[in-house]
Amino acid sequence: MPRLLRERGVPIAGAELLDSREQLVKAVRRAMKSKIRRIVVCGGDGTQTSVVPHFAKRRYTLCVVPAGTGNSFALGLGIDSFESAADAVAFGNERRVDLGVVNGTYFANFLTVGLSAQVANETPRSLKSIVGPAAYAVSAVVPLLLHRPFRADIRWKRHRVRSKTHQIILANGRFYGHTPLSKDATLSDGRITVFVRDRTSTMSVVETYVALLRGAQANLSGVDLWSTSKTIRLKTKPKAPVSVDGCEFGNTPIRIRVARRALRVMVPACTEAHTP
Ligand SMILES: [Mg+2]
């Protein structure tokens, strides 16, 4: 990455290769203390989400490089390669995008409740680094066969959705994997998009995963897919695991809201209609 940036004439104050999220957060804080305004972070959704609390509502700009198993957040910014990330830093525009907030903690892109969270939490990092996104599919087989559906109670403002389901997805951003969670969702719409399917069979879970991969989830039977700018309260019975951008985040109940335009990022100069 430093080479791609230097080729584009970007002056680099320093570059570090880090082993853990803790080290990354320390490095980001050091850079901020040295008054470096633009900080490039290479990594997937989990890596990006671990640093966003330090950028939230501050004058520092996060430059996202998609280098993980899942890069949904980068995709939502119109960044799909190292080259486009380098172009965004060198020739792009600074924008402010939304962050999600779950139980008081900022996050970048999406969170899952139930089966997907269990899979994300149980997929070993070593497996992810060897086989990439297929690691999730490999790790999904056993939990899928054993997983029991749960009752969900989702409330926002004066609305309420009750469902018996295997999983719920809530997204601040546009992408879940490589496809948009809903056709209108963006990182700057001030809204959280919610996906829940009121179905309990194992077959329905497979069907949902395939539809999500193909971006065809809106057409499934029993689907509730909506978005709101209001705070969402989500309870489940029994308690279900929560995963935030692929990282473990305890169990339900949770409260989720949007922090509008809370994060400064660099986006490519020519952005598509749905990118910020
Ligand atoms: Mg949004």
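Everything quoted here is computed from the prediction, not taken from an experiment.

S.K.: Could you clarify how one ought to interpret the overall build of the protein chain in this entry?
M.R.: For the protein chain, the count of helices and strands is nine helices and 16 strands. For the protein chain, the residues scored as buried account for 43% of the 276 residues in total.

S.K.: Is there a simple way to think about the sheet that holds strand β8 (residues 167-171) in this case?
M.R.: Think of a sheet as strands paired side by side through backbone hydrogen bonds, with each pair either parallel or antiparallel. In space, the six strands of this open sheet follow the order β12-β11-β8-β5-β14-β15, with antiparallel pairing throughout. Bordering the open sheet on either side are β12 (223-228) and β15 (247-251), each of which pairs with just one other strand. Going across the sheet, the axis of each strand differs from the next one's by a mean of 20°, ignoring polarity. As defined by bridge partners, strand β5 (residues 110-114) adjoins strand β14 (residues 241-244) across three bridges and the pair is classed as antiparallel. The residue bridging T112 from the neighbouring strand is S243, located in β14.

S.K.: Hey, could you run me through the environment of L225 in this one?
M.R.: With respect to the helices and strands, the residue L225 is situated in strand β12. By C-beta crowding, L225 is classed as partly exposed, having 17 other C-beta atoms within 10 Å. Spatially, the C-alpha atom of L225 lies 8.5 Å from that of R197, the residues being 28 residues apart in sequence. Setting aside residues up to four positions removed in sequence, L225 forms contacts with S182, F195 and A218.

S.K.: Just checking my understanding: could you explain the packing of helix α2 (residues 21-33) against helix α3 (residues 45-55) for this structure?
M.R.: Any two packed helices are characterised by the angle at which their axes cross and by the distance between the axes. Between α2 and α3, whose axes approach to 10 Å, the crossing angle comes to 40°. In this structure, α2 crosses over α3, and the sense of that crossing is right-handed. Contacts between α2 and α3 pair R21, L24, V25, V28 and R29 from the former with T47, S50, V51 and H54 from the latter. Counted by class, the contact of α2 with α3 contains four nonpolar, three polar and two charged residues.

S.K.: Looking at this structure, how should I read the environment of N251?
M.R.: Position of N251 relative to the elements: it lies in strand β15. Sequence spacing of N251 and T236 is 15 residues, and the spatial spacing of their C-alpha atoms is 9.3 Å. Discounting chain neighbours no more than four positions away, the residues touching N251 are K239, A240, P241 and V242.

S.K.: Is there a simple way to explain the environment of E122 in this structure?
M.R.: Within the secondary structure layout, E122 lies in helix α6 (residues 115-122). Owing to 16 C-beta atoms within 10 Å, E122 belongs among the partly exposed residues under this scheme.

S.K.: Explanation requested: unusual backbone geometry in the structure shown.
M.R.: A cis amide bond links K237 with the next residue in sequence, P238, at an omega value of -5°. Along the polypeptide, P238 turns up in the loop between β13 (232-237) and β14. The peptide bond linking T252 to P253 adopts the cis configuration, its omega dihedral lying at 10°. As for its position among the elements, P253 is in the loop between β15 and β16 (254-267). Residue K35 is not a glycine yet carries a positive backbone phi of 65°.

Cut-offs used in this document
Residues numbered from 1 in each chain as written. Predicted model: local features only at pLDDT ≥ 70, side-chain atom pairs only at ≥ 80, totals over all residues. Helix = DSSP H or I, 4+ residues; strand = E, 2+ residues; numbered from the N terminus. Buried ≥ 20, exposed ≤ 12 C-beta atoms within 10 Å, placed from the backbone. Pairing = 2+ DSSP bridges. Axes fitted to C-alpha atoms, helices over the stretch in contact; angles between N-to-C directions. Contact = placed C-beta atoms within 7 Å. Left-handed = near helix turned anticlockwise from the far one by under 90°. Nonpolar A, V, L, I, M, F, W, Y, C, P; charged D, E, K, R; others polar.

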